[in-house]
Amino acid sequence: MIGHVLATHVGKRTRILDGSFTYVELMKHYHSSLDESEWQKENLYERLLRRAKTEDLSEVSGIGCLYQSGVDRLGRPVVVFCGKWFPAHNIDLEKALLYLIYLLDPIVKGDYVIAYFHTLTSSNNYPSLQWLKDVYSILPYKYKKNLKAFYIVHPTFWTKMMTWWFTTFMAPAIKTKVHSLPGVEHLYSAIAKDQLEIPAYITEYDMATNGIHYFQPITNTSSPAS
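Scope of this entry: the structure provided in the associated data block. (Residues numbered from 1 in each chain as written. Predicted model: local features only at pLDDT ≥ 70, side-chain atom pairs only at ≥ 80, totals over all residues. Heavy atoms only, no water.)

**Digging into the overall build of the protein chain**
For the protein chain, the helix and strand inventory stands at nine helices and five strands. For the protein chain, the N- to C-terminal ordering of α and β elements is α-α-α-α-β-β-α-β-α-α-β-α-β-α. Here the protein chain holds 226 residues, and the buried ones make up 47% of them. Carbon and sulfur atoms make up 59% of the accessible area of the protein chain, which totals about 12,100 Å². (Helix = DSSP H or I, 4+ residues; strand = E, 2+ residues; numbered from the N terminus. Buried < 20%, exposed > 50% of the residue type's maximum accessible area, 1.4 Å probe, protein only. Areas by Shrake-Rupley, 256 points an atom, 1.4 Å probe, with all protein chains shown as cover.)

This is the structure we're talking about:
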């Protein structure tokens with residue numbers, strides 16, 4: 001009996017390490033193994049990274065909701081996420097996680113910033129809180145440490161409440177790095193306009209909501225984050 005249990009455990013560990021576990025199985029193992037060493041957790045991430053580099057992720061990359069767009073005024077890569085284009089309930093979340101890792105792993109080796117556009121998003125674009133917690137738990141420390149600013153453009157009451165909850169109970173280390181901005185113009189003091197590629201619907205919404213003057217920003221020598 002004991003031998004069978006041990007064999008089962010070893011079998012599961014082998015499948016995890018060689019990357020053959022499904023996302024659901026992986027998360028079940030992760031939550032049941034929170035007392036394991038950081039080395040073992042890093043091992044899980046490395047296996048996901050290996051899968052991310054070999055699997056076909058065109059289903060997610062083709063959506064265009066997550067991409068790098070130039071650098072900020074301090075030379076740090078800017079990662080853009082367009083909430084409206086993320087079909088949270090009609091996408092393979094395992095592949096979404098793998099694509100996130102594929103795109104960000106080479107970027108997060110150094111300092112970087114994220115610009116999240118909440119413009120015109122709906123409940124169909126919101127992933128579950130549990131999925132967000134899982135992703136945050138899986139990503140290594142370098143993701144948190146090297147993130148220097150997280151800009152939320154066009155925030156709503158929902159994003160403000162979610163941000164408060166997440167940075168208070170899940171990720172207090174990044175609380176001071178989060179900046180809610182009412183319009184695109186407010187990004188220009190930190191990111192030059194020619195470095196920021198965003199969909200037309202965002203600028204159109206911004207002009208309709210905040211006025212054309214938001215595309216003639218007042219010169220500001222200070223940056224929201226440094």
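On we go.
**Comments concerning the pairing of strand S4 (residues 147–153)**
For S4, the tally of buried residues reaches five of seven residues, placing the bulk of the element in the interior. Pairing geometry for strand S3 (residues 112–117) and S4, over six bridges, is parallel. Bridge assignment links Tyr116 to a residue of S4, and that residue is Ile152. Across four bridges, the pairing between S4 and strand S5 (residues 178–181) is parallel. Bridge assignment links Tyr151 to a residue of S5, and that residue is His179. Each parallel crossover has a hand, and for S4 linked through helix H8 (residues 157–170) to S5 it is right-handed. (Pairing = 2+ DSSP bridges. Right-handed = clockwise from strand over helix to strand, strands pointing away.)

**Brief notes about the packing of aromatic side chains**
According to the stated counting rule, one finds eight aromatic pairs in the structure shown. With a centroid separation of 6.3 Å and an interplanar angle of 25°, the aromatic rings of Phe86 and Trp131 are classed as stacked. Pair noted here: Phe86 is in the loop between strand S2 (77–82) and helix H5 (93–104) and Trp131 is in helix H6 (residues 129–138), with a separation of 45 residues, a long-range link. One exposure class covers both Phe86 and Trp131, and it is buried. Consider the rings of Tyr126 and Trp158, whose centres lie 3.8 Å apart with planes at 5°: the pair is stacked. Of this pair, Tyr126 sits in the loop between S3 and H6 while Trp158 sits in helix H8; the two residues are 32 residues apart in sequence, bridging distant segments of the chain. Residue class for Trp158 comes out partly exposed when judged on its relative accessible area of 33%. (Phe/Tyr/Trp six-rings, centres within 6.5 Å; stacked < 30°, edge-to-face > 60°.)

**Comments concerning the packing of H6 against H8**
Viewed as axis vectors pointing N to C, H6 and H8 meet at an angle of 45°, and their least axial separation amounts to 13 Å. Looking at the two axes, H6 sits oblique to H8. When you trace H6 past H8, the crossing you get is right-handed. Here Leu129, Leu132, Lys133, Tyr136 and Ser137 of H6 come into contact with H8, specifically with Met162, Trp165, Phe166 and Met170. Its residues assigned to classes, the contact of H6 with H8 shows seven nonpolar, one polar and one charged. (Axes fitted to C-alpha atoms, helices over the stretch in contact; angles between N-to-C directions. Parallel < 35°, antiparallel > 145°, perpendicular 65-115°, else oblique. Left-handed = near helix turned anticlockwise from the far one by under 90°. Contact = heavy atoms within 4.5 Å. Nonpolar A, V, L, I, M, F, W, Y, C, P; charged D, E, K, R; others polar.)

**What to know about the sheet that holds S3**
Strand order in the open sheet made by the five strands is S1-S2-S3-S4-S5, with mixed pairing throughout. Each having just a single partner strand, strand S1 (66–71) and S5 make up the two edges of the open sheet. For this sheet, the mean inter-axis angle between neighbouring strands, taken without regard to orientation, is 25°.

**Regarding the packing of H5 against H6**
Interhelical geometry of H5 versus H6 gives an angle of 35° and a closest axis separation of 12 Å. Considering only the axes of H5 and H6, their crossing is right-handed. Across from Leu93, Ala96 and Leu97 in H5, the residues of H6 making contact are Trp131, Val135 and Ile138. Of the residues belonging to the contact of H5 with H6, the class tally is six nonpolar, no polar and no charged.

**Describing the side chain of His154**
Examined against the element boundaries, His154 turns out to sit in the loop between S4 and H8. In this structure the side chain of His154 is engaged in a polar contact, spanning 2.5 Å, whose partner is the side chain of Asp206. (Polar contact = N/O pair within 3.5 Å; in protein donor to acceptor, adjacent residues only side chain to side chain.)

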